[in-house]
Amino acid sequence: MIQKTFHFSDLDSLQPIISTIKNDDDYVHASGVLFQLYNPRLDIDEEQMVDTIRSAFPNACFTGVTSANVAEDKIDLSEFPVELSMTCFRETTLIQYDFDMSQTTSFEAGRFTNQVLEKLEHLKCLQIFYASNSNSICTFLREFSHHNIPKFGIKAGRSTVKKNTAHVYGTKIYDNAFVIVAFISKSLKLYMDNNLGWTPIGIEMAITETAGDTIVTEIDKKPAIETFTKYLKVTSTKYFMQNVSEFPLIISHNKFKMARVPIACDESGAVYFTSDIHKGEHFRLAYADKNKLMSLTQKSANELNMFRPDAVYLFECANRVLFLGSDYIMEKNLYQMYHPNLSAVAGNAELFVTPQGEGGDLNSSLVAIGLKEDPDAEDVIITCRTNDVSQEPEDQNREIPFVERILTFLESTSQELNSLNKKLGKLAYTDQLTKIYNRWELEKKIHEALDLAGEDYRCGLLFMDIDHFKAVNDTYGHDVGDMVLLGVANIIKDFQKEGHAFGRWGGEEFLYIIPNVDEKSLYDFAENIRRSIDEICFVMVKHVTISVGVTLSRPDDTPESFVKRADNAVYEAKETGRNKVVLQ
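We now turn to the structure provided with this report. (Residues numbered from 1 in each chain as written. Predicted model: local features only at pLDDT ≥ 70, side-chain atom pairs only at ≥ 80, totals over all residues. Heavy atoms only, no water.)

Attention now moves to the overall build of the protein. For the protein, the helix and strand inventory stands at 16 helices and 33 strands. Rg of the C-alpha trace for the protein: 27 Å, near the compact-globule value of 25 Å for 584 residues, within the 12% margin. Projected onto its principal axes, the C-alpha coordinates of the protein cover approximately 90 × 55 × 50 Å. Across the 584 residues that make up the protein, the buried fraction comes to 54%. (Helix = DSSP H or I, 4+ residues; strand = E, 2+ residues; numbered from the N terminus. Rg over C-alpha atoms; globule rule 2.2 N^0.38 Å. Buried < 20%, exposed > 50% of the residue type's maximum accessible area, 1.4 Å probe, protein only.)

Now the structure itself:
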């Protein structure tokens with residue numbers, strides 16, 4: 001495999017590049033060829049440019065995007081040349097699929113992709129370039145996420161000043177499409193690095209109300225803008241994006257850290273984001289120090305070089321470019337020192353999905369991809385590269401700038417306060433025997449769950465009671481009874497997922513809260529827990545069973561009515577034979 005990258009500023013200078021490629025032996029004898037076109041320019045005829053390249057190389061895969069340009073006052077990317085990168089493979093074949101979203105839906109495109117992937121042998125990874133909204137790409141990816149295939153790519157960008165339309169390139173120019181390249185090979189190896197580098201700071205907050213997938217209306221039950229006014233002194237002005245972009249939100253999707261960038265605020269105080277952000281998610285504001293960011297990028301570049309890739313693709317967020325300004329070139333050069341022919345583009349979001357399904361639509365990150373054809377090598381996947389405040393500075397024998405010292409102080413203080421709050425909170429909300437939530441904390445979680453619930457977002461409640469528990473205490477003593485309580489709690493904890501809440505209501509009673517669930521899934525979940533406990537052999541008492549009452553939230557529910565309905569269902573289960581699940 002070999003990668004070659006060319007640059008041109010007008011259509012006249014494109015022609016010699018095409019002639020050079022056509023006479024290139026690597027191109028002529030390749031098993032597959034991938035062209036990637038990254039266009040920051042507003043003064044070039046896009047249609048003629050794309051048609052010229054596609055016509056010259058009809059058998060190659062051709063993708064690309066318009067570059068994001070949000071930092072014109074710091075670094076005007078529209079003055080940069082167009083980049084055309086060519087990767088010629090020796091043992092890998094490529095297949096391209098275009099989905100014009102004006103002709104189909106993201107669900108249908110995802111289902112079709114799933115059917116294609118079912119038939120492909122030796123599929124290694126997918127590159128996805130897109131110009132579509134955040135909800136569309138999430139829906140699209142969800143339909144074939146079970147294939148455990150790594151995915152990477154970029155969302156097309158545009159100039160925030162000139163307001164040009166963001167385009168993705170494939171068999172034609174699209175303003176709303178997914179363009180996918182499938183890499184099929186027995187020997188292809190992959191390096192994936194999500195180089196984030198933003199550090200969370202301050203307290204954790206919750207998204208308590210949204211209006212769609214990218215608009216947050218309330219944070220901690222207050223207008224969203226109040227968070228930015230309180231902590232950053234930022235109000236709803238035309239400079240809102242510039243004032244908050246250096247402080248993205250760090251959230252966790254299934255324990256995967258990712259940033260979300262606010263881009264606008266309306267008169268009602270709602271805040272708009274570039275990628276999906278959901279009701280019920282928790283976040284902390286974050287910041288980055290340029291020196292630390294560059295140090296982290298140097299480590300990323302060094303480790304990528306150790307992989308010895310034959311081709312390197314960099315996908316960088318426009319917000320990161322805005323933050324770095326002219327240092328954006330320096331960050332790119334850290335990789336380019338090792339790989340002078342790499343391709344690099346700035347977009348509105350970068351795509352990074354591991355084989356285990358971690359990741360998604362990212363912001364403020366730099367995704368570094370390395371490829372090589374080597375059957376004896378191993379894949380390398382770095383899920384999220386972040387700075388660690390506990391690490392000693394590489395050079396302590398220096399005068400440390402004031403800004404670096406104050407940021408380190410704030411970061412260290414935030415971590416210490418966060419750790420202390422967790423320790424104090426654990427004492428307040430934990431049941432001392434089972435180490436799960438106590439009743440006080442469960443009542444709080446029920447309030448939070450019902451605040452989020454509605455017609456299209458219902459939460460489920462499991463009320464679990466150990467059958468004949470009094471007989472266990474009377475027969476074997478309270479020490480054995482405590483062992484049974486602890487054993488049951490540990491079995492149920494094995495079922496616990498992120499976002500769920502589980503605790504001891506009192507005595508031998510347990511409550512389990514599940515967000516955003518339907519009736520069948522709720523019942524099946526409860527039945528799996530009941531069956532697991534029924535099948536376990538306990539020390540001393542041997543056999544223990546539970547009765548479970550389950551219910552879904554209703555629009556008019558109060559915490560009292562919600563719990564009472566589940567409690568009634570438990571009572572019915574016990575009255576009709578025990579060791580069963582009853583839904584009300």
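Back to the write-up after that little detour.
Further remarks concern the nonpolar core. Formed by 52 residues in total, the largest nonpolar core has its most connected members in Phe 89, Phe 183, Phe 228, Tyr 313, Phe 315, Ile 369 and Leu 371. Element by element, the count of residues in this core is highest for strand E10 (residues 177-184), at four residues. In this view, Leu 371 contacts Met 1, Phe 89, Phe 183, Leu 188, Lys 189, Leu 190, Phe 307, Pro 309, Asp 310, Ala 311 and Tyr 313; residues no more than four positions away in its chain are not counted. Counting residues in each nonpolar core, the second largest holds 31 residues, with Val 517, Leu 522, Phe 525 and Val 581 among its members. (Core = buried A, V, L, I, M, F, W, Y, C linked by side-chain atoms within 4.5 Å. Contact = heavy atoms within 4.5 Å.)

What follows deals with the packing of aromatic side chains. Enumeration according to the criterion identifies 20 aromatic pairs in this entry. Here Phe 99 and Phe 112 contribute two aromatic rings whose centre-to-centre distance is 5.8 Å and whose plane-to-plane angle is 75°, an arrangement assigned as edge-to-face. Taken together, the residues span a long stretch of sequence, with Phe 99 in strand E5 (residues 93-100) and Phe 112 in helix H4 (residues 106-119) at a distance of 13 residues. Phe 112 gets classed as partly exposed once you look at its relative accessible area, which sits at 41%. A connected cluster of aromatic rings, assembled from ring pairs, spans Tyr 38, Phe 89, Phe 129, Phe 152, Phe 183 and Phe 315. Above the ring of Phe 323, the side-chain terminus of Lys 290 is found at 5.8 Å from the ring centroid. Stacked on the ring of Phe 307, the Lys or Arg Lys 372 has its end atom at 4.5 Å from the ring centre. (Phe/Tyr/Trp six-rings, centres within 6.5 Å; stacked < 30°, edge-to-face > 60°. Lys NZ or Arg CZ within 6 Å of the ring centre and 35° of its normal.)

It is worth spelling out H4 at this point. If you check H4, its first and last C-alpha atoms are 20 Å apart, about what 14 residues at 1.5 Å a residue would give, namely 20 Å. Where H4 is buried, its residues touch E5, strand E6 (123-131), helix H5 (134-142) and E10. (Expected span 1.5 Å × (residues − 1).)

Next up on the list: the sheet that holds E10. Ordered by their spatial adjacency, six strands build an open sheet running E5-E10-E6-E7-E23-E24, and the pairing between neighbours is mixed. Only two strands of the sheet have a single neighbouring strand rather than two, namely E5 and strand E24 (359-362). The sheet shows a mean angle of 10° between the axes of neighbouring strands, direction not considered. Note that E5 and E10 share eight bridges and pair antiparallel. (Pairing = 2+ DSSP bridges. Axes fitted to C-alpha atoms, helices over the stretch in contact; angles between N-to-C directions.)

Here the phi dihedral of Asn 516 falls at roughly 50°; this positive angle occurs in a residue that is not glycine. Within the secondary structure layout, Asn 516 lies in the loop between strand E29 (509-514) and helix H15 (519-535). The phi dihedral of Lys 542 falls on the positive side, at around 70°, and the residue is not glycine.

Once that is clear, we can look at the sheet that holds strand E27 (residues 460-466). Taken in spatial order, the five strands make up an open sheet running E28-E29-E27-E32-E33, and their pairing is mixed. In this open sheet, the two strands that pair with only one neighbour each are strand E28 (501-506) and strand E33 (581-583). For this sheet, the mean angle separating the axes of adjacent strands, direction not counted, is 20°. Pairing analysis gives six bridges linking E27 to E29, with the strands arranged antiparallel. Residue Asp 465 lies in a different strand from E29, and its bridge partner there is Glu 509. This element, helix H12 (residues 439-452), spans E28 and E29 of the sheet and lies at about 130° to E28. Packing against the sheet, helix H16 (residues 559-575) makes contact with E27, E28, E29, strand E32 (546-552) and E33, and its axis sits at approximately 145° to E32.

All right, on to the layout of surface pockets then. Size it by volume and the second largest pocket reaches roughly 720 Å³. Looking at the second largest pocket, it is lined by 29 residues, and the ones nearest its centre are Arg 158, Thr 160, Ile 263, Thr 274 and Asn 348. Tallied by class, the residues present in the lining of the second largest pocket amount to twelve nonpolar, twelve polar and five charged. (1 Å grid on protein atoms, 1.4 Å probe; cavity = no way out; pocket = protein on both sides within 12 Å on 5 of 7 lines; lining within 4 Å. Points joined across faces, edges and corners; volume = space filled by probe spheres on them. Nonpolar A, V, L, I, M, F, W, Y, C, P; charged D, E, K, R; others polar.)

A separate point is the packing of H12 against H16. The geometry of a pair of packed helices is captured by two quantities: the angle between their axes and the separation between those axes. Running from amino to carboxyl end, H12 crosses H16 at an angle of 105°, the nearest separation of the two axes being 10 Å. By the angle between their axes, H12 is roughly perpendicular relative to H16. Facing H12, whose interface residues are Ile 446, His 447 and Leu 450, H16 presents Pro 559, Phe 562 and Val 563. A breakdown of the residues in the contact of H12 with H16 according to their chemical character gives five nonpolar, one polar and no charged. (Parallel < 35°, antiparallel > 145°, perpendicular 65-115°, else oblique.)

Contact geometry of H4 with H5 gives a least axis separation of 7 Å together with a crossing angle of 30°. In terms of their interaxial angle, H4 and H5 are classed as roughly parallel. Helix-helix and strand crossings are classified by hand; for H4 and H5 the assignment is right-handed. Across the interface between the two elements, Ser 106, Phe 107, Ala 109, Gly 110 and Thr 113 from H4 touch Ser 136, Thr 139 and Phe 140 from H5. A breakdown of the residues in the contact of H4 with H5 according to their chemical character gives three nonpolar, five polar and no charged. (Left-handed = near helix turned anticlockwise from the far one by under 90°.)

This brings us to empty space enclosed by the protein. Tallying each qualifying case throughout the model produces two cavities of 30 Å³ or more. Approximately 40 Å³ is the volume found for the largest cavity. Along its surface, the largest cavity is lined by Asn 39, Pro 40, Arg 41, Leu 42, Thr 66, Ser 67, Asn 69, Arg 158, Ser 159 and Asn 164. By residue class, the composition of the lining of the largest cavity is two nonpolar, six polar and two charged. Mapped onto the lining of the second largest cavity, the elements with two or more residues apiece are helix H3 (46-56) and strand E3 (61-66). Looking at the lining of the second largest cavity, its residues break down into six nonpolar, no polar and one charged.

For the rest of this paragraph, the subject is the side chain of Lys 332. Looking at the element boundaries, Lys 332 is found in helix H10 (residues 327-336). It is Glu 83 that comes nearest to the buried, bridge-free Lys 332 among opposite-charge side chains, at 4.1 Å. Not counting chain neighbours up to four residues away, the residues in contact with Lys 332 comprise Glu 83, Leu 342 and Ala 344. (Lys, Arg positive; Asp, Glu negative; His and termini not counted. Salt bridge = Lys/Arg side-chain N within 4 Å of Asp/Glu carboxyl O.)

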